[in-house]
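Report on the structure
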Amino acid sequence: MGFWMTTIVFFLLGLVASASVRLCCNRGPSTNLFHLTLIITATICCWMMWAIVYLAQLKPLIVPILSEGE
Amino acid sequence: MKFFNDLPPMDHFRSESMSLVQLIMPVESAHHAVSYLGELGLLQFKDLNGDKSPFQRTFVNQVKRCGEMSRKLRFFADQISKAGVTTFPNPDSEEVIDLEQLEIRLSEHEGELLEMNRNSEKLQQTYSELLEFKLVLLKAGRFLGSAQNHLVMAETELVENIYSIKNEDRLSLLEQSMQPEPSNKAGLRFISGIICKSKELTFERMLFRATRGNMFFNQAPAGEQVMDPVSGEMVHKTVFVVFFSGDQARSKILRICQAFGANCYPVPEENNKQRQLTHEVSLRLSELEATLDAGTCHRNKALASIGSQLWNWTIMVKKEKAVYDTLNMLNFDVTKKCLVGEGWCPTFAKPQIKEALHHATIHSNSQVGIIFHDMDSSESPPTYFRTNRFTNAFQEIVDAYGVARFQEANPAVYSVITFPFLFAVMFGDWGHGLCLLFGSLVLILREKKLGSQKLGSFMEMAYGGRYVLLLMALFSIYCGLIYNEFFSVPFYIFGESAYKCRNADCSDVHTAGLIKYRDPYPFGVDPKWRGSRSELPFLNSLKMKMSILLGVSQMNLGIILSYFDAKFHANPLDIQYQFIPQMIFLNSLFGYLALLIVIKWCTGSQADLYHVMIYMFLDPFGDLGENQLFWGQKELQILLLILAIVAVPWMLFPKPFMLKKQQTERFQGRTYGILGTSEMDVDHEPDSARHQHHEDFNFSEVFVHQMIHSIEFVLGAVSNTASYLRLWALSLAHSELSTVFYEKLLLLAWGYDNIVIRITGLVVFAFATAFVLLMMETLSALLHALRLHWVEFMGKFYHGDGYKFRPFSFKLLADEED
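Remarks on the overall build of chain B
Secondary structure assignment for chain B yields 24 helices and 11 strands. Going through the 818 residues of chain B one by one, you find that 46% of them count as buried. The long-range fraction of contacts in chain B, counting pairs at least 24 apart against all pairs at least 6 apart in sequence, stands at 80%. With an accessible surface of roughly 43500 Å², chain B has 60% of that area assigned to carbon and sulfur atoms.

Some thoughts on the packing of aromatic side chains
Taken as a whole and assessed by the stated rule, the structure comprises 45 aromatic pairs over all chains. Consider the rings of A:Phe3 and A:Trp4, whose centres lie 5.0 Å apart with planes at 80 degrees: the pair is edge-to-face. A relative accessible area of 16% places A:Phe3 in the buried class. An angle of 70 degrees between the planes, with centres 5.1 Å apart, marks the rings of B:Phe4 and B:Phe564 as edge-to-face. Of this pair, B:Phe4 sits in helix 1 (residues 2-6) while B:Phe564 sits in helix 16 (residues 535-568), placing them 560 residues apart in sequence. An aromatic cluster of three or more residues is present, and its members are A:Phe3, A:Trp4, A:Phe10, A:Trp50 and A:Tyr54. Over the ring of B:Tyr463 we find B:Arg466; its NZ or CZ atom is 4.3 Å from the centre of that ring.

Side note on the pattern of salt bridges
All chains considered together, the criterion is met by 22 salt bridges over all chains. Residues joined in a network through salt bridges with shared partners are B:Arg65, B:Glu100 and B:Glu103.

Remarks on the side chain of B:Glu777
All names here are of chain B. Inspection of the secondary structure assignment puts glutamate 777 in helix 23 (residues 755-793). No salt bridge is formed by the buried glutamate 777; its nearest oppositely charged neighbour, lysine 543, is found at 10 Å. Not counting residues within four places of it along the chain, the set of residues in contact with glutamate 777 comprises Phe427, Leu730, His734, Leu737 and Val772.

Some words on the sheet that holds strand 5 (residues 234-245) of chain B
Residue and element names in this part refer to chain B. Strand order in the open sheet made by the 4 strands is 4-5-3-6, with antiparallel pairing throughout. Only two strands of the sheet have a single neighbouring strand rather than two, namely strand 4 (216-227) and strand 6 (263-264). Of the pairings in the sheet, the one linking strand 4 to strand 5 comprises 9 bridges and is antiparallel in character. Across the sheet, residue phenylalanine 217 finds its bridge partner in strand 5, namely valine 242. Its contacts with the sheet place helix 6 (residues 200-210) against strand 3 (188-196), strand 4 and strand 5, and it is angled at close to 155 degrees to strand 4.

Section: the nonpolar core
Within the largest apolar cluster, 121 residues are counted, with the highest numbers of intra-cluster contacts made by A:Met49, A:Trp50, B:Val425 and B:Phe585. In terms of residue count, helix 2 (residues 29-56) of chain A provides more of this core than any other element does, 15 residues in total. Those residues in contact with A:Met49 that lie beyond four places of it in its chain are B:Phe421, B:Val425, B:Tyr478, B:Cys479, B:Ile482, B:Tyr483 and B:Met546. Listed in part, the 45 residues of the second largest apolar core include B:Phe59, B:Leu102, B:Leu303 and B:Val317.

Quick word on the environment of B:Asp619
Take B:Asp619: it is sitting in the loop between helix 18 (609-618) and helix 19 (633-652). For the pair formed by B:Asp619 and B:Ala570, sequence separation is 49 residues and the distance between their alpha carbons is 42 Å.

Some thoughts on the packing of helix 2 of chain A against helix 11 (residues 412-427) of chain B
Their axes nearest at 8 Å, the elements helix 2 of chain A and helix 11 of chain B cross at an angle of 25 degrees. Considering the angle they form, helix 2 of chain A stands roughly parallel to helix 11 of chain B. For helix 2 of chain A against helix 11 of chain B, the interelement crossing comes out right-handed. Each of A:Phe34, A:Thr37, A:Leu38, A:Thr41, A:Ala42, A:Cys45 and A:Met49 in helix 2 of chain A lies in contact with helix 11 of chain B, whose residues at this interface are B:Val413, B:Tyr414, B:Val416, B:Ile417, B:Thr418, B:Phe421 and B:Val425.

Some thoughts on the interface of chain B and chain A
When the parts come together, some accessible area is lost, and that loss is often what is quoted as the size of the interface. In this assembly, 57 residues from chain B lie in contact with 34 residues from chain A. Where chain B abuts chain A, roughly 4200 Å² becomes buried across the two surfaces, and 74% of that area is made up of carbon and sulfur atoms. At the surface where chain B touches chain A, the tally comes to 0 salt bridges. On the surface where chain B and chain A come into contact, there are 14 residue pairs in polar contact (both at pLDDT 80 or more). Elements represented by at least two residues in the side of chain B that touches chain A include exactly helix 11, helix 15 (466-483), helix 16 and helix 17 (572-603) of chain B. For the side of chain B that touches chain A, the per-class residue count stands at 34 nonpolar, 15 polar and 8 charged.

As for a nonpolar patch on the surface
All names here are of chain B. A contiguous nonpolar surface patch, about 960 Å² in accessible area, is contributed by Phe458, Met461, Ile755, Val756, Ile759, Val763, Phe767, Phe771 and Met775. In terms of residue count, the dominant contributor to the nonpolar patch is helix 23 (7 residues). Inspection of the secondary structure assignment puts isoleucine 755 in helix 23. Classification of isoleucine 755 as exposed rests on a relative accessible area of 58%.

Structural notes on the environment of B:Ile580
With respect to the helices and strands, B:Ile580 occurs in helix 17. Excluding residues within four positions of it along the chain, B:Ile580 makes contact with B:Ile575 and B:Trp650.

Focus on the pairing of strand 8 (residues 338-346) of chain B
The side chains of a regular strand alternate, first on one face of the sheet and then on the other. All names here are of chain B. Within strand 8, 9 of the 9 residues are buried, which leaves the element mostly enclosed by the surrounding structure. Covered by surrounding structure in strand 8 are Cys338, Val340, Glu342, Trp344 and Pro346 together with Leu339, Gly341, Gly343 and Cys345, the residues of both alternating faces. In this sheet, strand 8 lies alongside strand 2 (residues 44-45) in antiparallel orientation, the contact comprising 2 bridges. Residue pairing in the sheet places phenylalanine 45 in a bridge with glycine 343 of strand 8. Remark: 5 residues form the turn of the hairpin made by strand 7 (residues 331-332) and strand 8, two consecutive strands paired antiparallel; lysine 336 in that turn has positive phi of roughly 65 degrees.

Here we look at the environment of B:Phe805
Residue and element names in this part refer to chain B. Relative to the helices and strands, phenylalanine 805 resides in the loop between helix 23 and helix 24 (810-817). Placed 334 residues apart in sequence, phenylalanine 805 and leucine 471 show a C-alpha to C-alpha distance of 28 Å. Apart from residues no more than four positions distant in its own chain, phenylalanine 805 is found in contact with Met18, Leu42, Leu43, Gln44, Trp344, Cys345, Pro346, Pro382, Thr383 and Tyr384.

Some details on the pairing of strand 1 (residues 18-26) of chain B
Residue and element names in this part refer to chain B. Counting buried positions over the 9 residues of strand 1 gives 9, a clear majority of the element. Because side chains alternate across strand 1, one face comprises the buried residues Met18, Leu20, Gln22, Ile24 and Pro26, and the other comprises Ser19, Val21, Leu23 and Met25, equally buried. Pairing geometry for strand 1 and strand 8, over 9 bridges, is antiparallel. Following the sheet pairing, serine 19 is matched in strand 8 by cysteine 345.

A word on unusual backbone geometry
All names here are of chain B. Not every positive phi belongs to a glycine, and glutamine 407 is a case in point at roughly 60 degrees. The topology assignment puts glutamine 407 in the loop between helix 10 (389-401) and helix 11. Note on glutamine 407: relative accessible area 17%, which makes it buried. Here the phi dihedral of alanine 570 falls at roughly 50 degrees; this positive angle occurs in a residue that is not glycine. Relative to the elements of secondary structure, alanine 570 occurs in the loop between helix 16 and helix 17.

Describing the side chain of B:Glu16
All names here are of chain B. Within the secondary structure, glutamate 16 sits in the loop between helix 1 and strand 1. Owing to a relative accessible area of 16%, glutamate 16 belongs among the buried residues under this scheme. Of the polar contacts made by the side chain of glutamate 16, one reaches the side chain of arginine 386; its length is 3.5 Å.

Comments concerning the packing of helix 11 of chain B against helix 15 of chain B
Geometrically, a packed helix pair is captured by the angle between its two axes and the distance between the axes. Residue and element names in this part refer to chain B. Packing of helix 11 against helix 15 leaves a shortest axis separation of 8 Å and a crossing angle of 45 degrees. The orientation of helix 11 relative to helix 15 falls into the category oblique. The two elements helix 11 and helix 15 cross, and the hand of that crossing is right-handed. The segment helix 11 lies against helix 15, with Val416, Ile417, Phe419, Pro420, Phe421, Phe423, Ala424, Val425 and Phe427 engaging Val468, Leu471, Met472, Phe475, Ser476, Cys479 and Tyr483.

Cut-off values and rules
Residues numbered from 1 in each chain as written. Chains lettered and ligands numbered in written order. Predicted model: local features only at pLDDT ≥ 70, side-chain atom pairs only at ≥ 80, totals over all residues. Heavy atoms only, no water. Helix = DSSP H or I, 4+ residues; strand = E, 2+ residues; numbered from the N terminus. Buried < 20%, exposed > 50% of the residue type's maximum accessible area, 1.4 Å probe, protein only. Contact = heavy atoms within 4.5 Å. Areas by Shrake-Rupley, 256 points an atom, 1.4 Å probe, with all protein chains shown as cover. Phe/Tyr/Trp six-rings, centres within 6.5 Å; stacked < 30°, edge-to-face > 60°. Lys NZ or Arg CZ within 6 Å of the ring centre and 35° of its normal. Salt bridge = Lys/Arg side-chain N within 4 Å of Asp/Glu carboxyl O. Lys, Arg positive; Asp, Glu negative; His and termini not counted. Pairing = 2+ DSSP bridges. Axes fitted to C-alpha atoms, helices over the stretch in contact; angles between N-to-C directions. Core = buried A, V, L, I, M, F, W, Y, C linked by side-chain atoms within 4.5 Å. Parallel < 35°, antiparallel > 145°, perpendicular 65-115°, else oblique. Left-handed = near helix turned anticlockwise from the far one by under 90°. Buried area = accessible area lost by both parts, 1.4 Å probe. Polar contact = N/O pair within 3.5 Å; in protein donor to acceptor, adjacent residues only side chain to side chain. Nonpolar A, V, L, I, M, F, W, Y, C, P; charged D, E, K, R; others polar. Patch = residues over 30% accessible without salt bridge, like charges linked within 9 Å, V, L, I, M, F, W, Y side chains within 5 Å.

These figures come from the coordinates and say nothing about function on their own.
Right under this line is the structure:
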């Protein structure tokens, strides 16, 4: 899967998570907004982590040089 | 922007709105009202009598009585623990007794207990004396008996006195004592007694000196430990008999006995009299024993009955004391028939408080209701967040830095996710994450049981942070999967590696390395990197850039939160002259660096980013050459540099001048400044929060403050960004430690065939992982993630100079005591 496909997957996972949290613990608009903020923050953090590591390996400047033992 | 205005207010984001309320209670319902409010726990009373000493307050007597009662309760608890009586608190027998009855009962019980203790002490003393008497009779009787029987030196019990010089003398003494005359003859007499073994030698010498050697001293150890009647301790004692002649010697010896604490008991000379006396003494001893036992039994029963009620009584007394302390904070009004109190309460709690006051009125049979109304104040209210057990730990982490100012943006909302996330970036290993998950699940599933116990301080902290640990574990698992480390071992979970040998026989893998032949590994770090020679250069570059990217994002979030704060408090100055230049400055330098990093990754360029950033400042007009990443880079860099340079005076100068202009506009023409409002209510409440404070506008102070703020931001931009590199450093340390433990402990031990070595290696690996990696590294990563939050994130927008809402609540009191 490419970069954009996986990004869309993260986005969809975020939507699913916020929908399920809204369904299971619906406690008024302010609490819902709080839960939504938590989910958005978590999704963004996780996506950033993945995207950084993915982009770093996209066009690498160095390659693995195996050590003698292997 | 309109979108954000339409959103409902977010839970936990800002403090609950608080109101300053005034309560006017008739005296008869005051006590009830305060105790019901204590049960409710949602009102923080202000101390209206703050300048009075504790002895000048109204209810000082009641407080003293409560103090006296709690002293008595402590005394009971002491006695119960000393007697070793186990009590079972009986929650069912909740007899509702009021304070006066309790007071009377407590003093009765105390008097009883004290008397029982005194009596048993006296009995115990008599018992010890009789026991000593018995021993003296036993041992001294033997001396006298043997003296009468003419036995000389054959007994091993008799320790002969070395002070008798000649045998003849001794014989003559014995001959003299042989005469069956009563001992009041002026001939040989004796004194028998018992003395502590430690003092015995000095006692002998003293006696010798006092009587100039004209005495005969026999002694024998008592054989068992005896309780000393005076000191109450068990000591070794020696029975002695001193033979002497003359009245003067007698008085001297008695005085010496007294000085040394030796107890003298008269022993009759005749054998049958001795036997009779011994028999009598034994009888009395057994009687006393029975009496003592009965006494102890009786006392233990009394203690047990007290003990079952002790818990309830203690709670009651504590509550009453708290109520009276609170009543002391109230004032009498002019008519002296009502108590007036002020306090802070959350606005949503007002109906509940009204109900509690209503109940109090009914239960106290008062004719007049309690008046409860709002007041406005110029004082800043306390900060109150309604946390549940999940958000409580995160709120406490933020509060440890500083309690939020009233209605300031609460960073805890974002910290719930970013704090465990940054921890995980430094801890990333899904094997260790699984261990943490297991630990935190244990704590969470046994929540109820652990919550009711009293835990040690370390367990207490771990229990309090169990939800934090859970999130930390979940994010660690995620980051571990991304770094591809399971106890430092990579796995091929997400497909094949993107690297393979250049040619079919893999001949140059150790020199030129592998080659990338397909798309990057779909999730995480390619497993082929582990163990390669170029692993560290690659990972270092990756993690450093990752730290910069995460850091710039978090700092931007902080600055954006300051925008929302300024908008909420309707402070356009802050937005225009602080938020905008700060955003421009940070992003034109470090946001641009983040952009360069992403572009370099996407294009695979070989540009040296250090060079680019440094020469952007040193030589902005110079040619970029091979460091060019995109078209128009030089022009963009010049523009960004100019923006950054402009932003600095933008955030430094305009705001103080604008503030000064605002101040002069507001108080135009009033050269005296504001007076304190003298139009107060007729019933003048002292120390009310309604007093207006006259604030001085000191321009130089404001200017210096702004300068400090700006310099802090500008210099902090560089240092804070660099500070985020600790994410790289700790992650590297964790990974290296993990690798070392795995390779040098487990693999090394597994290489041998011997099962003992294998098991030892496994055990040492487990211990090293648990103590070094799971405990030390967890604490270390926790600390650094905390620092990143407190300084780099919260420093951008948080003031943290509020005070916490501490309502008058019986539950909080109980927690505080523990």
